Each structure stands twice: as C-alpha cells, then as structure tokens.
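# Remarks on the overall topology
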Amino acid sequence: MNFRLFLLITLFSCIARPEPDWLNKQPNANDYWFGIGIVYKPYKGENIRNEARNSALNEIASQISVDIASSFKKITKENNFHIDELTKSIIDIRIENNLPNIEIIDSYQSKDKFCMLVRLSKVKYYDTIKKKRQNSIRAALGLLRKSETEFNYQSFSLLGQAMNEIIPYIDTPIEIEYPLGSDKIINLYSYIKLKSNEMINRISLIPEKHSIEIKFASSVNRKVKLEAID
C-alpha cells in the first residue's frame, strides 16, 4: 500500500473515532477501581497526558477515601484528629505507594478534550498496603526500642518518627508482642502515645529566676535560662 495513502487512512481513523463508551458510563468491576481524567482544550500546561492521568488518579483516590474515612472515624474521635486532613494524608501516601500498579486502559482525544481511563487492582492495592504496613511496623519497633534504650534529647524525636511510620496504617489496630518474647500484646499506636506522655512527665523545667519582670510593648529581647531535670 502507498505510504501516503496508509498515513491518510490512519489519520482519518484517529480523527473519526467515536467517543468510547466509558466516557458516558464508567466501567464497574468488583476487582478494580476505575478513574476517568478529562482535560479540556486549549491546555496551557506542559503535559496533557499527565494532567489527565492525575485527574483519573484523584477519582480513584476519592473512591478509596470512602473506606478509609469510615475506618478512621473511631481513631479521629479518640485522638481529636481532623478526619478530612488525616484521610487526605493517608490517601496521598497509599496512592503514591500504588503508582506502579496503576494501569492505563484507554485514552481518547478530540479537538476540544483529552480523556484517559485508568484502573487499580484491589488485590494489588491491598497486597501493597499489607507489605508497606509490615515494613513500617518493623521500622517503628526499631525506633521505639532505640528510644527506650537511653533517655535523652533524641528519645522524643525517635518516638515521633515511630509514630509517623505507623500513622498511615492505624485504620486496622496494630497489636503485636512487645518486647519480643515477653508474651505481652500491645497496641503499638497507644503504646507510643503512652511512652511519649511518660517521657514528658519525667521532665521538670526549673527557671533560673523565680520571677521575671516584663514591660508591656517592650522591644527589648529577654533571655530566660531553664534547667531541664529528669
């Protein structure tokens, strides 16, 4: 076939392609989450495909957030968290962890828009979260043990790092044996909070002077010396 004729046929078939069914009716399957990203033209960004993909990912994230928000209700109430902020933080982490599992199923382009259909396997999603959760628990336990080895200025930082490791996964209670070999089962999140409070209560701050005179609207910087005692 003449190359020019082949090129014309190819271009015509691309231009004449009708809108795919998934634009009007989003696919539905028990084993997947689907997301559709639509970017309207003219587009002034750098990459219209990436923009459509990100929009589709946000749609998947909104579906996942329903489950996460529900499972976090009790935790947010007990710890005075703002559920929307916590859920968004968790979703961002979990979507980022699952980026390699996102599949681009189809894309469609017309003169006024670019569209993309993506999906995420629920099996792969939960398997990835399970592995990340186990890794985070191991890391948190290592930090916790280190914080308890010697009480010093680093202990608080170590406990904070341990808490940050497990926060994305506390929608399911983390109940483990600690210390290892003790046959004692703890809730890791609650235990870290308890240790933090215990360490705070161990500290006494004693000022060098028992009374300090401060003038209102004074621009003079005053330094106060404190002695920290365990």
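Bear in mind the structure is a predicted one, so any value in this text is a computation, not a measurement. (Residues numbered from 1 in each chain as written. Predicted model: local features only at pLDDT ≥ 70, side-chain atom pairs only at ≥ 80, totals over all residues. Heavy atoms only, no water.)

Taking 1.5 Å per residue as the helical rise, helix H4 (residues 122-149) with its 28 residues ought to reach 40 Å, and the 40 Å between its terminal C-alpha atoms agrees with that figure. Among all positions of H4, only Tyr125, Thr128, Ile129, Arg133, Ser136, Ile137, Ala140, Leu141, Leu143, Leu144 and Ser147 are buried. One side-chain oxygen at the N-terminal end of H4 lies 3.3 Å from the backbone nitrogen of Val123; it belongs to Ser121. (Helix = DSSP H or I, 4+ residues; strand = E, 2+ residues; numbered from the N terminus. Expected span 1.5 Å × (residues − 1). Buried < 20%, exposed > 50% of the residue type's maximum accessible area, 1.4 Å probe, protein only. Polar contact = N/O pair within 3.5 Å; in protein donor to acceptor, adjacent residues only side chain to side chain.)

The next subject is the side chain of Ser155. With respect to the element layout, Ser155 can be found in helix H5 (residues 154-166). For Ser155, the side chain forms a polar contact with the main-chain oxygen of Glu150, separated by 3.1 Å. Dropping the residues within four chain positions of it, Ser155 is found in contact with Ser147, Glu150 and Met199. (Contact = heavy atoms within 4.5 Å.)

In this structure, Ile64, Ile166 and Leu188 are the most contacted members of the largest nonpolar core, which totals 43 residues. If you list the elements that add at least two residues to this core, you get strand E1 (32-40), helix H2 (48-79), helix H3 (83-97), strand E3 (113-121), H4, H5 and helix H6 (188-202). Broken down by element, this core gets its largest block of residues, eight residues, from H2. Filtering out sequence-adjacent residues up to four positions away, Leu188 remains in contact with Ile137, Ala140, Leu141, Leu144, Ile166, Ile174 and Ile176. By size, the runner-up hydrophobic cluster in this structure holds seven residues, among which are Trp22, Leu23, Phe34 and Tyr108. (Core = buried A, V, L, I, M, F, W, Y, C linked by side-chain atoms within 4.5 Å.)

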